[in-house]
Amino acid sequence: MWKNVEQAPADAIFGLNDAFKKDPNPKKINLGVGVYKDNKGHTPVLKAVKAAEKILFGMEKTKSYLPIPGDPFYADNVQKLVLGETSDAYTQKRAATIHAPGGTGALRIGAELLKKFNPRAAVWVSSPTWANHKGIFGTAGFELKEYPYYDAQTKSVDMDAFFNCLTKIPSGDIVLMHACCHNPSGVDLSEDQWQQVARIAGEKNWIPFLDFAYQGFGSGVEEDRFAVEAFCGTCNDLFIASSFSKNIGLYNERTGALTIVSPTPEEARVALSHVKLTVRVCYSNPPAHGGLVVSTVLKDKELTTQWLAELDIMRKRIVATRSALVDGLAARGVKEDFSYIKKQRGMFSFSGLSDEVVTWLKENRSIYVVKGGRINVAGLTTDNMDYVCDSIAQGLTVCG
């Protein structure tokens, strides 16, 4: 079957991770793969998660299947977190939520559902966007288009081109946007700009699909859902793919959710009925453990407080690391101005490093950065910061 088939290319990020694992250099540093690391370079299990797992270990009595959309309590808590407990979408029961296998699974289920009921639509993604966005929606059969977003010259959003494009997107098309902590650029919209985008979406009647993978990593759990609230106030239909990989550290538990906001409770029930059919033929029902951990953390006030405190520590460490990187490069006399990295949000940064420098760093210093210069800021620690700054400074000189 495979005799005359060429081997598929490695995933850009996980392929880089494989190369990193094989590198024998004891100083090697992985700034590619998108996982949070503490100042020791470890991806920790949060204390709130360990406490929740102890509770679950004592209570668990069965390994039976979950319902197709997952545990109802999980869905309810996702809505409180993503939409806001006092939001009209939540209080009026205009939202339907399913437990999906990670944020990627939520995006794919949403894509399958939209393709079934809106087959002629195009999906618009930001330029640039997370590489897997195109794979997910392209494989679902959608025509893919791009809207302007990041300006490499100004290191900010190209506002004129961005808004001009949004006003021309046809009714019924789907616009995929990062709710906060844009991946890969780290450059977000202001609240006023989000309100303007939401008004355009309502006027033009295109469908917003928010990738909400980093809630809490921007400014805070409540602050980071501003885009969701803005669209709920202007649009008839809204899709949201959220994830607990980053903000609760449940990477390998694949714990995410797809939330669909509709104009009425009746339409939300219809949406749920069809998303259940989609799930049934894709993976039947979700894995239980991660969702039960999230539900346990969110229903216990002490665990919720502990989790939010740990999330605050992670967010503040990333902010401090951004500053340390910028200051470290400036201290080495690097002529380029990297101060924009301090203004970016979340784990990722478009560093401004050329592909030539990225290749030099990998081959000469065993520092692994994704092509295009996107770095995972959380991969930097006090122990490796000097090595990274020295290496970047030298790489910029060599590659001139």
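Scroll up to find the structure.
Remember, it's a predicted structure, so these values are computed and weren't measured experimentally.

Chemist: How would you sum up empty space enclosed by the protein? Please name residues and give values.
Modeler: Using the criterion set out here, one finds five cavities of 30 Å³ or more in the structure. Estimates place the volume of the largest cavity at around 50 Å³. Around the largest cavity, the lining residues are Leu31, Leu325, Leu353, Leu361, Ile367, Val369, Ile375, Leu380, Val388 and Ile392. Residue composition of the lining of the largest cavity, grouped by class: ten nonpolar, no polar and no charged.

Chemist: Outline a nonpolar patch on the surface, listing residues and values.
Modeler: Together, Met1, Trp2 and Val5 give the surface a local cluster of nonpolar side chains, amounting to about 450 Å² of exposed area. Relative to the helices and strands, methionine 1 is located in the segment before α1 (12-22). Assessed through its relative accessible area of 84%, methionine 1 is described here as exposed.

Chemist: Tell me about the pairing of strand β4 (residues 143-148), and please be specific about residues and values.
Modeler: By the bridge criterion, six bridges tie strand β3 (residues 122-127) to β4 in an arrangement that is parallel. By the bridge assignment, serine 127 is partnered in β4 with proline 148. Handedness of the β-α-β unit built from β3, helix α6 (residues 131-139) and β4 comes out right-handed.

Chemist: An account of unusual backbone geometry is requested, with residue identities and associated values reported.
Modeler: Cis geometry marks the peptide bond from serine 127 to proline 128, where omega comes out at 5°. By the secondary structure assignment, proline 128 is in the loop between β3 and α6. Of note, the bond from asparagine 183 into proline 184 is cis; its omega dihedral lies within 30 degrees of zero at 25°. Tracing the chain through its elements places proline 184 in the loop between β7 (174-178) and α8 (191-204). Notably, asparagine 205 is not glycine yet its phi reads approximately 65°, a positive angle. Given a relative accessible area of 41%, asparagine 205 falls into the partly exposed group. Its identity is not glycine, yet serine 284 carries a phi of approximately 75°, on the positive side. With respect to the secondary-structure elements, serine 284 resides in the loop between α10 (265-282) and α11 (289-299).

Chemist: Can you explain the sheet that holds strand β10 (residues 255-261)? Please cite residues and give values.
Modeler: If you walk across this open sheet you meet the seven strands as β2-β10-β9-β8-β7-β3-β4, and the pairing is mixed. Strands at the two margins of the open sheet, each flanked by one partner only, are β2 (95-101) and β4. Averaged over all adjacent pairs, the angle separating strand axes in this sheet is 25°, with direction ignored. Relative to β4, α6 is tilted by about 145°, and along the sheet it contacts β3, β4, β7 and β8 (207-212). Helix-sheet contacts for helix α7 (residues 159-166) involve β3, β4 and β7, and the interaxial angle to β4 is about 140°.

Chemist: Please give an account of the nonpolar core that cites residues and values.
Modeler: Phe162, Leu166, Val197, Phe209, Phe231 and Trp307 are the most contacted members of the largest nonpolar core, which totals 132 residues. Not counting residues within four places of it along the chain, the set of residues in contact with tryptophan 307 comprises Leu46, Ala48, Leu81, Val221, Asn247, Ile248, Val297 and Leu298.

Chemist: Please give an account of the pairing of β10 that cites residues and values.
Modeler: By the criterion of burial, β10 is predominantly enclosed, with seven of the seven residues buried. As defined by bridge partners, β2 adjoins β10 across seven bridges and the pair is classed as antiparallel. Paired with alanine 100 across the two strands is glycine 256, which belongs to β10. Two strands pair when backbone bridges link them, and strand β9 (residues 238-243) and β10 are joined in this way by six bridges, in the antiparallel orientation. Across the sheet, residue isoleucine 240 finds its bridge partner in β10, namely threonine 259.

Chemist: Give me the lowdown on the layout of surface pockets, citing residues and values where you can.
Modeler: One number sums up the size of the largest pocket: a volume of about 720 Å³. If you go around the largest pocket, you meet 31 residues; those closest to its centre are Phe14, Gly34, Thr104, Trp130 and Lys246. Looking at the lining of the largest pocket, the elements with two or more residues in it are α1, α5 (102-117) and α6. Ranked by residue count, the leading element in the lining of the largest pocket is α1, at five residues. Taken together, the residues of the lining of the largest pocket break down into 15 nonpolar, ten polar and six charged. Considering only enclosed or pocket space, the second largest pocket measures out at about 500 Å³ in volume. Lining the second largest pocket are 21 residues; nearest its centre among them are Leu56, Glu60, Thr62, Ala288 and Leu292. Of all elements in the fold, only α2 (47-59) and α11 reach the threshold of two or more residues within the lining of the second largest pocket.

Chemist: Requested: an account of the packing of aromatic side chains, with residues and values cited.
Modeler: Enumeration according to the criterion identifies 13 aromatic pairs in this entry. Ring plane angle 50° and centroid distance 6.2 Å describe the contact between phenylalanine 137 and phenylalanine 142, whose orientation is recorded as tilted. Residue class for phenylalanine 137 comes out buried when judged on its relative accessible area of 0%. For phenylalanine 142, a relative accessible area of 6% gives the class buried. With centroids separated by 5.9 Å and ring planes inclined at 55°, the aromatic side chains of tyrosine 147 and phenylalanine 162 adopt a geometry described as tilted. Taken together, the positions of tyrosine 147 in strand β4 and phenylalanine 162 in helix α7 put the pair 15 residues apart, joining distant regions of the chain. A relative accessible area of 2% places tyrosine 147 in the buried class. Members of the aromatic cluster, joined through ring pairs, are Phe137, Phe142, Phe209 and Phe239. Above the ring of tyrosine 340, the side-chain terminus of lysine 155 is found at 5.2 Å from the ring centroid.

What counts, and where the lines are drawn
Residues numbered from 1 in each chain as written. Predicted model: local features only at pLDDT ≥ 70, side-chain atom pairs only at ≥ 80, totals over all residues. Heavy atoms only, no water. 1 Å grid on protein atoms, 1.4 Å probe; cavity = no way out; pocket = protein on both sides within 12 Å on 5 of 7 lines; lining within 4 Å. Points joined across faces, edges and corners; volume = space filled by probe spheres on them. Nonpolar A, V, L, I, M, F, W, Y, C, P; charged D, E, K, R; others polar. Patch = residues over 30% accessible without salt bridge, like charges linked within 9 Å, V, L, I, M, F, W, Y side chains within 5 Å. Areas by Shrake-Rupley, 256 points an atom, 1.4 Å probe, with all protein chains shown as cover. Salt bridge = Lys/Arg side-chain N within 4 Å of Asp/Glu carboxyl O. Helix = DSSP H or I, 4+ residues; strand = E, 2+ residues; numbered from the N terminus. Buried < 20%, exposed > 50% of the residue type's maximum accessible area, 1.4 Å probe, protein only. Pairing = 2+ DSSP bridges. Right-handed = clockwise from strand over helix to strand, strands pointing away. Axes fitted to C-alpha atoms, helices over the stretch in contact; angles between N-to-C directions. Contact = heavy atoms within 4.5 Å. Core = buried A, V, L, I, M, F, W, Y, C linked by side-chain atoms within 4.5 Å. Phe/Tyr/Trp six-rings, centres within 6.5 Å; stacked < 30°, edge-to-face > 60°. Lys NZ or Arg CZ within 6 Å of the ring centre and 35° of its normal.

Shape is all these values report; function is a separate question.
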